[in-house]
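Inside the fold
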Amino acid sequence: MTGGAGIEYTGVRDLRGPLLFVEGVSGVGWDEFATIALDSGGRRHGLVLEVDRDVAVVQVLQGTSGMNRSGTRVVFSGTPLRIPVGTGWLGRVCDGRGEPADGGPPVLGGSYADVGGAPINPVRREPPNEAVLTGVTAVDVLTTLVRGQKLPVFSAAGLPHLELAVQIAAQATCAGEPFAVVFAGMGLTHTDAAFVRDGLAARSAARELVLFLNTADDPVIERLLTPRLALTVAEHLAFAVGRHVLVVMTDMTAYSEALREVSAARGEIPARRAYPGYLYSDLASLYERCGRIRGRPGSVTVLPVLTMPAGDITHPVPDLTGYITEGQIVLSGDVQAAGTYPPVDPLASLSRLMRKGTGAGRTRADHPAVAAQLIAALARSRQVRELADLIGRSALSPTDLRHLDLEDVFRHRFLEQGTTEDRSLGDSLDRAWEVLLTLQRSQLGMLPADLLDAHASPRETAR
Amino acid sequence: MTTPGNPAPDEDTLAPAAHDNPAPDESTLAQARHDNPAPDEDTLPPAAHDNPAPHESTLPRPGYGGPGDGADRPRVLRVAGPLVEITCPSTAAMHDLVVLGAARLPGEVVAIHGDAATVQAYEYTGALAPGHPAELQGHPLSVRLAPDLLGGVFDGLLRPLHRAGDLLTAVEPSAGDVDRRTWVFTPRAAEGTEVAAGDVLGEIGARVPLRLLVPPGRSGRATGVAAAGEYRADAVLAVVGGEAVRMAQLWPVRRPRPVARRLPGDVPLTTGQRAVDLLFPVARGSTVAVPGGFGTGKTMLLQQIAKWCDADVIVYVGCGERGNEMADVIEELAELTDPRSGGRLAERTVTIANTSNMPMMAREASVHTGATVAEYFRDMGLDVVLIADSTSRWAEALREFASRMGELPAEEGYPAGLASRLAAFYERGAAVRTLGGASGSVTVIGAVSPPGGDRTEPVTAHTERFVRCLWSLDRDLAYARHYPAVSWSESFSRDAPALAAAYARAGEPEWAERRGRVARQLAEADRLADLVELVGITALPPRERISVLAGRLLREAVIQQSALSPADAYSAPEKTAALVEAVVTVVDRCLELVDSGVEAEAVEAVDFTPLLRARETAGPAETAPVVAARDTVLARLAEAA
């Protein structure tokens, strides 16, 4: 299997986009890792995308700029890309290929792992049922993140998804159990990259953070590697070391565009919007690496962030992501325009695993009922708002008017939060009660009577 | 998949089969592989490598075991992900099984061009290189069918997942751990009688009553019929026409198992889901597609049907879906009790789990694997439901591979053969007269995940043409947390007329009437809802206002159903009928009231909560609490008058 290892090939036949075609190779396997030396002295890395008889097609992670046919030498490693894994990654800042970007030495580990990972056996998976608390009220109460879940943030250009991602990465905890965050930035501007580093400095100093940053001017193809490095490091921290690991991956749209670029360079038949037909499987190979394994401590929770081009939720990237992930947190331009941070659209957002991860013994006994009632009330509020726009406030019934009030209280007392404000779950749930109690008790049919008795203020009870 | 390569120790005791595996040139291998087509096999197509029944004393377990090295073997030429090209002898046939490289990755021949063949690999092909050996197995991709499938969880090639490790690497599950479970066998065929394919040789005691049948293509004198007792699945229980018959048998996944004839479907499959049973009923042996965008509750609805429908065996194929969801299904089925047999629901279920990050091409095979398993149980005279979630992921696997093969794309990059492949899959669903004369059925329910919720995309558009029922899930309903979000305006059931006739014959003529009334009332309410948005409810005449109210009552009291509530998750036909009856009676009374001059507003103000909560307060098969709720509301209406 390692027939090609160690031999230096110079038979470069073609260079096309990010692809390098080497001929005369023998024993080179598919998906092998390759090191490429340029005659100008530089070294680059690549992966074998196809091998046909004696021709290998190599995808060069740093791009093919400056490469020529005569002076380029390629060495194949004989195995798919493996990286060192271990706790040595904690506290480090690296570029999108895992090279140190903090002036420190290269990261070494006791063991190595394939960056491609291996699927978790479905019968060995433990269904997720415990929460990760983020300190963000809208997320914790309405779309609770569950350990082992994959929950994306759907955003659009100009919305503060990076602020929200950094806030969650900085504040997330797992009820005092060992925790770590692996943050993979793809195609970030330098300003954004600096924002991420600053925002997560405390977590990094506490050796609870691994940061991989591929900036917008870094090689595009490198982005295909960045999330795989992050997940490989995270899997080891979770399933071998026993930490609960939150993997934040932003921006998945930039990742998908890199995938499209490689696909186009290979002349593959395009599917929707010229994305390759295997976009679903490729995204799934990342997102599905979350989870818990029976009998092992630790968990991998994945929070991908993606910008919907032109705000279109039917665009292939958010659409296919939505089919793979277990819910979504949707940011809305309308809420943002009203000046509210975080601009979460509560009705479009959903956490599918929340049912199992909340309630008595998980978060708080009243949590599931409160969240369901709040969503129902907000749905009604939205209908009333539309009605009021059509026929005017004066034609509304008193109950309808209360629903309009509820929307305002929701926005100002519940949703609105500072970018560094870390709210306890108790505080967040109490705020939910405050919002709900703008309605009369008879409008709160989804809440059991004993909960209402315990939480209703004297003012409300008197009515 | 199975490699019947282990040289069988008892080979010499068997008939000197005319071996039809012409492939390998090493005589020793060929010898070991006599896959023994019996000479009397005239009912089977004259293809080579048919007769999948091996005659080794121990059936090989699914895995990658097989013969060792040899000279002049076919070699790998090209590797591009799951697409592998190999040199290929002229004897290789389409859809032959191939094992690739030292890691013995399974694959299937999908194209032959000159002296090269294209193979789709069922495992990750990392590090596979040109020059590595490839070995043609001389038979198509086949799976081992046995009673022990019930209750098990398998991958797309029917390899048991409970024997694999935490992570699924290409390393084969350890060999030698043969299933040691035994099954009670009771002979039903007398020694020496002439039997034909499909005849019952004996009964097998499991939670679901199983039978040992004469395999398709065999006939002759039954000898050596085992005495009553407990046997392992691979024990020889009889010899028919000179060949051993075991509980376990191999069958190629892409070949539908033969039947005597197809029967018209007119027996209802009760799913326990009111939206389905009431409005869009499905007959046993029918085909259903469930299209719905993400978040519309497809998987939830299919899981409900897997849990509660009154079939004998459920084959649940999780095809390119979420790992956590599969884990959840597996756990829930293991915990839930089958209301009919009293056993665990898992014991009547075969789960095929091919999550979205497991190898792509095994996903392509998994729906055929599922159909083959379903047909195996059907042939024993059982009613089987095959659930595939989601067929869109399967179609995407077809697309990916077609694209790598350089096939000319038709719509949206899908291969031109998409429609016929879909049609062929759904055609494996049927109510049949088996070869042995029993009646059995396979009902196929396939989820469809239209990209962007676009119902005109190729997979949805073609699937709609081939199925008999469509349960279309509506995003607006799901958004309003109305579950199951089956749209009454965009779904259909072509089985409904046949089932209505069957109900009428069975003495329940009011079934069709009830269905018609609910459908009309919902359509009327929808029409009026558009009007209300424009002019407001107060602008409507009283009778129309009651129609709007009736729509709401039907939606909330009858059509909505909570999958999470123990009382409501399953609704027996009598409870469904009682709920409809209650709402219809109340609506009729409301109409009488407004006709007699009572203000519509006063009627609307009546508290209908008992009626809306009746589906929760009554148990799964109870009707009395529903009647009581109806009477409470009728009394309140009387007060309002």
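Note that the structure is a prediction, hence the values are computed from the model and not measured.

**Examining the overall build of chain A**
The secondary structure content of chain A amounts to 15 helices and 19 strands. When its C-alpha atoms are laid out on the principal axes, chain A stretches across 85 × 45 × 40 Å. Counting all 463 residues of chain A, 54% fall into the buried class. For chain A, the proportion of contacts with a sequence separation of at least 24, taken over those separated by at least 6, is 71%.

**Focus on the domain arrangement of chain B**
Residues and elements named next belong to chain B. According to the domain assignment, chain B contains domain 1 (11–144), domain 2 (182–252), domain 3 (261–493) and domain 4 (510–640). Just the C-alpha atoms count here: the centres of domain 2 and domain 3 sit 31 Å apart. Listed by partner, the interface residues are 11 residues for domain 2 and 15 residues for domain 3. Broken down by element, the residue count for the side of domain 2 that touches domain 3 peaks at three residues, all from strand β12 (residues 210–213). Class assignment of the residues belonging to the side of domain 2 that touches domain 3 gives a composition of seven nonpolar, one polar and three charged.

**Section: the sheet that holds strand β10 (residues 194–196) of chain B**
Hydrogen bonds between backbone atoms are what pair the strands of a sheet, whose relative direction is either parallel or antiparallel. Residues and elements named next belong to chain B. If you walk across this open sheet you meet the four strands as β10-β13-β15-β16, and the pairing is antiparallel. Across the chains shown, the open sheet's two edge strands, defined by having one partner strand only, are β10 and β16 (243–246). Ignoring which end each strand starts from, the neighbouring axes of this sheet average 45° apart. In the sheet, β10 pairs with strand β13 (residues 219–223) via three bridges, with the strands oriented antiparallel. What sits directly across from Glu 194, in β13, is Arg 221.

**Some words on the interface of chain B and chain A**
Listed as interface residues are 50 residues of chain B and, on the opposing side, 53 residues of chain A. Those elements that provide at least two residues to the side of chain B that touches chain A are β1 (76–80), α4 (323–335) and α6 (391–405) of chain B. Looking at which element gives the most residues to the side of chain B that touches chain A, the answer is α4(B), with seven residues. A breakdown of the residues in the side of chain B that touches chain A according to their chemical character gives 23 nonpolar, 18 polar and nine charged. By the bridge criterion, two bridges tie strand β5 (residues 43–52) of chain A to β1(B) in an arrangement that is antiparallel. The partner of A:Asp52 across the bridge, within β1(B), is B:Arg78.

**Let's talk about the sheet that holds β12(B)**
Residue and element names in this part refer to chain B. Taken together, the four strands give an open sheet; going across it, the order is β12-β11-β9-β14, and neighbouring strands pair in antiparallel fashion. A strand with exactly one partner marks an edge of an open sheet, and here the two such strands are β12 and β14 (229–232). Ignoring strand direction, the axes of neighbouring strands in this sheet form an average angle of 40°. Pairing analysis gives four bridges linking strand β11 (residues 200–205) to β12, with the strands arranged antiparallel. The residue of β12 that forms the bridge with Val 200 is Leu 213.

**What to know about the domain arrangement of chain A**
We note that the domain assignment places domain 1 (8–80), domain 2 (83–357) and domain 3 (367–462) within chain A. One C-alpha centre belongs to domain 1 of chain A, the other to domain 3 of chain A; they are set 61 Å apart.

**Some thoughts on the pairing of strand β14 (residues 179–188) of chain A**
Residues and elements named next belong to chain A. Burial analysis of β14 places 10 of its 10 residues in the buried class, the great majority of the element. With seven bridges connecting them, β14 and strand β16 (residues 244–250) associate as parallel partners. Paired with Phe 183 across the two strands is Val 248, which belongs to β16. Sheet topology places β14 next to strand β15 (residues 209–215); seven bridges connect them, and they run parallel. Residue pairing in the sheet places Val 181 in a bridge with Leu 209 of β15.

What counts, and where the lines are drawn
- Residues numbered from 1 in each chain as written.
- Chains lettered and ligands numbered in written order.
- Predicted model: local features only at pLDDT ≥ 70, side-chain atom pairs only at ≥ 80, totals over all residues.
- Helix = DSSP H or I, 4+ residues; strand = E, 2+ residues; numbered from the N terminus.
- Buried ≥ 20, exposed ≤ 12 C-beta atoms within 10 Å, placed from the backbone.
- Contact = placed C-beta atoms within 7 Å.
- Domains from an automatic or database assignment.
- Nonpolar A, V, L, I, M, F, W, Y, C, P; charged D, E, K, R; others polar.
- Pairing = 2+ DSSP bridges.
- Axes fitted to C-alpha atoms, helices over the stretch in contact; angles between N-to-C directions.

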